[in-house]
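Report on the structure
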Amino acid sequence: MSSNPPAVSFDRVVKQYGQNLAVDGVALDIADGEFFGLLGPNGAGKTTLISMLAGLTRPTSGHVRVAGFDVQRDAAAARRLLGVVPQELVFDPFFTVRQVLRIQSGYFGFRQNDPWIDELLHNLGLTAQADKNMRALSGGMKRRVMVAQALVHRPQVIVLDEPTAGVDVELRQSLWEFIARLNAEGHTVLLTTHYLEEAEALCKRIAVIKGGKVVALDRTEALLQRFASSVLYFRLLQGRLPEGLGAEQGGRVALAVRGAQDVEHKLAALRQAGCEIDELELRRADLEDVFLELIGAAR
Ligand SMILES: Nc1ncnc2c1ncn2[C@@H]1O[C@H](COP(=O)(O)OP(=O)(O)OP(=O)(O)O)[C@@H](O)[C@H]1O
């Protein structure tokens with residue numbers, strides 16, 4: 001870990017909308033150079049946190065800092081260090097892709113930015129679209145431009161809010177290769193995603209938030225180990241799953257198990273509860289299982 005100030009620091013951050021506590025005292029530091037994942041179910045508060053980080057929403061209390069700069073008090077310095085790829089597509093339909101990127105460069109005082117713009121276009125598969133009007137692009141291509149736009153000033157901290165929601169496999173692949181390269185070159189990456197396999201593959205550390213609170217914060221590997229080594233999957237044909245034993249989704253049940261003896265215990269508990277099961281399957285736990293277990297526990 002470096003001795004620099006944290007790339008991102010949420011310091012006892014609260015955000016209240018009327019009676020609704022969207023963010024409830026989040027304290028979280030993301031180190032310089034980290035690849036960090038922010039996970040949580042719908043409505044957990046992820047976008048609110050990112051919107052406070054981007055300086056678009058003011059915290060009710062607490063502070064958000066980027067490399068030590070308070071996003072409210074030192075807004076210009078914080079903004080310069082941040083590149084945020086938002087969830088929604090926001091664009092001006094009258095400009096070409098290259099014009100959009102040149103204008104964005106201008107906001108940050110970069111006049112001769114074409115070499116970097118060309119590199120962004122190339123890495124995001126946009127070279128052939130460079131002179132097309134934004135309105136003529138498909139949704140996936142527009143999303144690529146949003147990514148390029150966020151990176152035009154080579155921000156130290158790259159924030160991606162659900163960047164691959166609804167985009168094709170090809171972009172997901174090339175986007176991740178590019179972002180991983182930027183991370184290897186020292187950029188900090190903060191990612192929110194619903195694709196848990198993506199978070200598992202990319203993020204070194206993960207915070208899970210639920211109801212505006214951090215319910216888990218650990219290295220990805222440690223999270224995977226802490227919760228379960230394997231998962232027993234089956235279909236429940238008869239009976240009710242004993243309280244607290246596992247999670248049921250779409251008729252399939254997932255039980256976290258730690259070793260062979262635990263499998264025996266769990267099966268015995270099911271028998272005792274009068275459960276009849278089918279299509280039994282045992283596999284290594286992944287982040288999705290951890291996630292379900294955590295979300296279940298925090299309910
Ligand atoms: N502008 C707003 N006014 C009122 N309530 C809001 C506003 N923005 C968010 N909320 C509420 O704050 C809570 C957290 O929402 P947020 O969008 O941060 O969740 P999320 O984790 O990003 O969810 P998703 O995965 O669905 O994007 C929700 O209860 C939401 O309804």
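Each value, and the rule that gives it
- Residues numbered from 1 in each chain as written.
- Predicted model: local features only at pLDDT ≥ 70, side-chain atom pairs only at ≥ 80, totals over all residues.
- Heavy atoms only, no water.
- pLDDT = per-residue confidence, 0-100.
- Helix = DSSP H or I, 4+ residues; strand = E, 2+ residues; numbered from the N terminus.
- Near = heavy atom within 4 Å.
- Polar contact = N/O pair within 3.5 Å; in protein donor to acceptor, adjacent residues only side chain to side chain.
- Areas by Shrake-Rupley, 256 points an atom, 1.4 Å probe, with all protein chains shown as cover.
- Nonpolar A, V, L, I, M, F, W, Y, C, P; charged D, E, K, R; others polar.
- Patch = residues over 30% accessible without salt bridge, like charges linked within 9 Å, V, L, I, M, F, W, Y side chains within 5 Å.
- Salt bridge = Lys/Arg side-chain N within 4 Å of Asp/Glu carboxyl O.
- Buried < 20%, exposed > 50% of the residue type's maximum accessible area, 1.4 Å probe, protein only.
- Phe/Tyr/Trp six-rings, centres within 6.5 Å; stacked < 30°, edge-to-face > 60°.
- Lys NZ or Arg CZ within 6 Å of the ring centre and 35° of its normal.
- Axes fitted to C-alpha atoms, helices over the stretch in contact; angles between N-to-C directions.
- Parallel < 35°, antiparallel > 145°, perpendicular 65-115°, else oblique.
- Left-handed = near helix turned anticlockwise from the far one by under 90°.
- Contact = heavy atoms within 4.5 Å.

**As for the confidence of the model for the chain**
For the chain, the average pLDDT comes to 89, and 96% of its residues sit at 70 or higher. In the model of the chain, helix H10 (residues 287-297) stands out as the element of lowest mean pLDDT, 70, in contrast to strand S4 (residues 61-66), which has the highest, 98. Among the prediction metrics, the complex's ipTM stands at 0.95, with pTM recorded as 0.81.

**Looking at the site of the ligand**
Taken together, 13 residues form the shell around the ligand, and within it Asn42, Gly43, Lys46, Thr47 and Thr48 come nearest. Separating an oxygen atom of the ligand from a backbone N or O atom of Ala44 is a distance of 3.0 Å. Coverage of the ligand by the protein chains reaches 62% of its 640 Å² of free accessible surface. Going through the elements one at a time, strand S2 (20-30) and helix H1 (46-53) are the ones with two or more residues in the shell around the ligand. Element by element, the count of residues in the shell around the ligand is highest for H1, at 3 residues. Broken down by class, the residue content of the shell around the ligand amounts to 4 nonpolar, 8 polar and 1 charged.

**Examining a nonpolar patch on the surface**
A contiguous nonpolar surface patch, about 300 Å² in accessible area, is contributed by Phe95, Ile103 and Tyr107. With respect to the secondary-structure elements, Phe95 resides in the loop between strand S6 (82-85) and helix H3 (97-107). The partly exposed category is assigned to Phe95, whose relative accessible area is 30%.

**Concerning the packing of aromatic side chains**
Under the criterion given, the structure shown has 0 aromatic pairs. Its end group placed over the ring of Trp116, Arg154 keeps NZ or CZ at 4.1 Å from the ring centre.

**Points about the packing of H3 against helix H4 (residues 114-123)**
As a packed pair, H3 and H4 sit with axes 11 Å apart at the nearest point and diverge in direction by 130°. Considering their axes alone, H3 and H4 lie oblique with respect to each other. Like other packed secondary-structure pairs, H3 and H4 cross with a definite hand, here right-handed. Across from Val97, Arg98, Leu101, Arg102 and Ser105 in H3, the residues of H4 making contact are Asp114, Ile117, Asp118 and Leu121. The class makeup of the residues in the contact of H3 with H4 is 4 nonpolar, 1 polar and 4 charged.

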